[in-house]
Amino acid sequence: MTMNRLTPSLSVPVRAHSRPLSRRAFLARMLALVGAGALAPVLAACRAFPEAGPPAAGPTPTPPRLSPTPAAPAATSPASAPSPGPSPTPAPAPARVALVRTSDRAEGVRRALALLGMPPVEGKTVLLKPNFNSADPAPGSTHNDVLRALVEALWQGGARSITVADRSGMGDTRRVMQQKGIFALAAELGFEILVLDELGPEDWVPVQPPDSHWSRGFLFARPILEADAIVQTGCLKTHRYGGHFTLSLKNSVGMVAKYGPDGYNYMGELHRSPHQRKMIAEINVAYRPALVVLDGVEAFVTGGPDRGKRVSAEVVLAGTDRVALDAVGVAILRLFGTTPEVERGPVFAQEQIARAVALGLGVSRPQDIQFLTDDSSGAEYAARVQEMLER
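Reading guide: rules and limits
Residues numbered from 1 in each chain as written. Predicted model: local features only at pLDDT ≥ 70, side-chain atom pairs only at ≥ 80, totals over all residues. Heavy atoms only, no water. Phe/Tyr/Trp six-rings, centres within 6.5 Å; stacked < 30°, edge-to-face > 60°. Helix = DSSP H or I, 4+ residues; strand = E, 2+ residues; numbered from the N terminus. Buried < 20%, exposed > 50% of the residue type's maximum accessible area, 1.4 Å probe, protein only. Lys NZ or Arg CZ within 6 Å of the ring centre and 35° of its normal. Salt bridge = Lys/Arg side-chain N within 4 Å of Asp/Glu carboxyl O. Contact = heavy atoms within 4.5 Å. Axes fitted to C-alpha atoms, helices over the stretch in contact; angles between N-to-C directions. Parallel < 35°, antiparallel > 145°, perpendicular 65-115°, else oblique. Left-handed = near helix turned anticlockwise from the far one by under 90°. Nonpolar A, V, L, I, M, F, W, Y, C, P; charged D, E, K, R; others polar. Pairing = 2+ DSSP bridges. 1 Å grid on protein atoms, 1.4 Å probe; cavity = no way out; pocket = protein on both sides within 12 Å on 5 of 7 lines; lining within 4 Å. Points joined across faces, edges and corners; volume = space filled by probe spheres on them. pLDDT = per-residue confidence, 0-100. Lys, Arg positive; Asp, Glu negative; His and termini not counted. Polar contact = N/O pair within 3.5 Å; in protein donor to acceptor, adjacent residues only side chain to side chain.

Engineer: I would appreciate a short explanation of the packing of aromatic side chains in the present structure.
Structural biologist: Aromatic ring pairs: the centre-centre distance and the angle between the two ring planes describe each pair. The tally for this structure, following the rule as stated, stands at three aromatic pairs. Geometrically, the ring pair formed by phenylalanine 220 and tyrosine 287 is stacked, given 5.9 Å between the ring centres and 25° between the ring planes. Taken as a pair, phenylalanine 220 in strand β6 (residues 218-221) and tyrosine 287 in the loop between α10 (276-283) and β9 (291-303) lie far apart in primary sequence, 67 residues in all. Looking at phenylalanine 220, the relative accessible area reads 0%, which means it is buried. One residue, arginine 216, lies across the ring of tyrosine 264, its end atom 4.1 Å from the ring centre.

Engineer: How should the pattern of salt bridges be read in this particular structure?
Structural biologist: Where charged atoms of side chains with opposite charge meet at close range, the side chains can pair. Under the definition given, this model contains 19 salt bridges. In this structure, the salt-bridge partner of glutamate 314 is arginine 101, at a minimum N-O distance of 3.3 Å. One end of the pair, glutamate 314, is in the loop between β10 (308-311) and β11 (315-319); the other, arginine 101, is in strand β1 (residues 95-101), with 213 residues separating them in the sequence. Here aspartate 306 and arginine 307 are joined by a salt bridge, their closest N and O atoms 2.6 Å apart. On the basis of relative accessibility, which here comes to 6%, the residue aspartate 306 falls in the buried class. A relative accessible area of 53% places arginine 307 in the exposed class. Here the salt bridges do not stand alone but share partners, grouping Arg105, Asp295, Glu298 and Arg310 into one network.

Engineer: Quick question: what am I supposed to make of the environment of glycine 108 here?
Structural biologist: Its place among the elements puts glycine 108 in helix α3 (residues 105-116). Overall, the relative accessible area of 0% leaves glycine 108 in the buried class. Along the backbone, glycine 108 and valine 146 are 38 residues apart, and their C-alpha atoms lie at a distance of 8.7 Å. Beyond its immediate stretch of four places on either side in the chain, glycine 108 contacts Val100, Thr102 and Val316.

Engineer: I keep staring at the packing of helix α4 (residues 144-156) against helix α6 (residues 182-189) and nothing clicks. Help me out?
Structural biologist: The description of two helices packed together rests on the angle between their axes and the distance between the axes. In contact at an axis separation of 11 Å, α4 and α6 are set at 25° when each is read in the N-to-C sense. By the angle between their directions, the pair α4 and α6 is classed as roughly parallel. The handedness of the crossing between α4 and α6 comes out as right-handed. Residues Asn144, Leu147, Arg148, Val151, Glu152 and Trp155 of α4 form the contact with α6, whose participating residues are Ile182, Leu185, Glu188 and Leu189. Of the residues in the contact of α4 with α6, the class split is six nonpolar, one polar and three charged.

Engineer: How should the pairing of β9 be read in this particular structure?
Structural biologist: Both faces of the sheet carry side chains from a regular strand, because those side chains alternate between them. Most of β9 sits inside the fold, with eleven of its 13 residues counted as buried. Note: strand β7 (residues 229-239) against β9, seven bridges, orientation parallel. In the sheet register, leucine 236 faces β9, and the bridge partner there is alanine 299. Across four bridges, β9 lies against β11 in antiparallel orientation.

Engineer: Is there a simple way to think about the packing of helix α11 (residues 322-335) against helix α13 (residues 351-358) in this case?
Structural biologist: Here α11 crosses α13 at 160°, and the two axes come no closer than 10 Å. Judged on the interaxial angle alone, α13 and α11 are roughly antiparallel. When you trace α11 past α13, the crossing you get is left-handed. When α11 is examined against α13, the residues Val323, Asp326, Ala327 and Val330 are found in contact with a partner set consisting of Gln352, Ile353, Ala356 and Val357. Of the residues that constitute the contact of α11 with α13, the class distribution is six nonpolar, one polar and one charged.

Engineer: Sorry, what's going on with the layout of surface pockets here?
Structural biologist: Picture a little ball the size of a water molecule; that probe, rolled over the atoms, points out where space is still empty. Roughly 360 Å³ of internal volume is contained in the second largest pocket. Lining the second largest pocket are 21 residues, and of these Asn133, Gly169, Met170, Lys250 and His271 sit closest to its centre. Where the lining of the second largest pocket is concerned, the elements lending two or more residues are β7, α8 (248-251) and α9 (266-272). Counted by class, the lining of the second largest pocket contains six nonpolar, nine polar and six charged residues.

Engineer: Mind showing me how you'd approach the confidence of the model for the protein here?
Structural biologist: Residues shown with low pLDDT carry predicted positions that ought not to be read at fine detail. Chain-level pLDDT for the protein is 83 on average; 76% of the residues reach the 70-or-more range. Note that pLDDT drops below 50 for residues 1-87; the model gives that stretch 181 contacts with residues more than four away or on any other chain.

Engineer: Teacher, can you tell me more about the side chain of arginine 96 here?
Structural biologist: Looking at the element boundaries, arginine 96 is found in strand β1. Salt bridges are absent for the buried arginine 96, whose nearest opposite-charge side chain, aspartate 321, sits at 11 Å. At 3.4 Å, the side chain of arginine 96 forms a polar contact with the backbone oxygen of leucine 116.

And the structure:
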C-alpha cells in the first residue's frame, strides 16, 4: 500500500440545564464515573450531580473479518491495568476498531458505523461533541461532512434529540461555529447547539479524581453528563502546545471550563503544567462515550491543532475505546513520519495513553485491539498499523 504525502494545501435554540438531583442519584452517578474513592472530595465541592449514566451497551453484530491475522487478534481476557486513580469499568478486550480506507469522509463514516454497529440511541438524548477548537479547515476542525453523516445516522437510529456542544480553545466558540456554518446546518438537520462557554456557574460540575495532577480538579459540563448518550468526533493530528497529539482523549478538553466562577483559569493550569498529557487523560474519567469517530482522511503530522504539515492519510476510524483509538491514531501518524515526541518509544508508553490505561479507560496493549475492515485495502492498512503498534 502506498501512502502519498500531500502538500499543505438561523437561530438555533440553546437548552437550559438546571435540573436538581437527589443525593441518592448523585451518589450513584459518582460511583459509576470515578469510583468510591473519589466521592469525598467531590461531595465537598458539589451539591448536585446529573443522573445520566453511561450508555448501555447495545447489540454489536460482528461483521465479516477481512483484516489479516496480525491486524485482528482473537479475543483474549481483559487486560489488567494498574489503578492509581479513579477506576471506571474497563472496556472488555479486545477493543473493536473499525478502520475504513477512503478519501470520502461521509462514506467513511457510514462504512465505519456499518462495521462497528450503531450504539443504541432510540428514544435517547444524544450529546455530540465535535472538534471545534478553531474554524480552520479539517483537520484543523471537524469537517461538516463528518458532522452531517453522524447526525443523519443518529436520527436514523431513532435519537430523541441531538445537541452539538463544544468549547473552542483558539477562538470564540459561537463565532467559530458561525464561521463553519454550523447554525445553518443545525437548522437544516434539526439538531440543537450548545455553546459551552455560555453556561452558567450551576451548569459546571467539579471533579477531582484521586491522585490527580490537577491542583484543584476541573469543572466538567453538566449538560454532557445529563445526556443519555455521548458521541464525540475528532481529527487525526499532532499538537504543538504540549499535548503531542490530539485525538479522542484530547478532544475531551473542550468539555472542561476554561474559567471557573471565581475566575480561576483551568486551561492556563493545563497548558503550563509539566503533567499536561496526564491531565488530559484524567479528564476522561468523567464520562464514557457511546461512540467515537476519528476523521483521518487528512492529518497533520507536525504542527497542529489548527494548522500543520498536511498528509492524505485516507482513513476513518470508529470505536468506543478511547485508548485503542488513540493508540491506532498515533501508529498512523508514525506511518507517515511525525514529530520526535510522537515517534518516541512504544505507542502505549505515550503519556496520554499510559495514564488512560492506568485509569482503567481502555485496553493496555496492542494485542487487545481488533480491527474491523470491509475490503482488502482496509485490511492491508490495518495490518501495517498493527505492525506499527507492536514495535
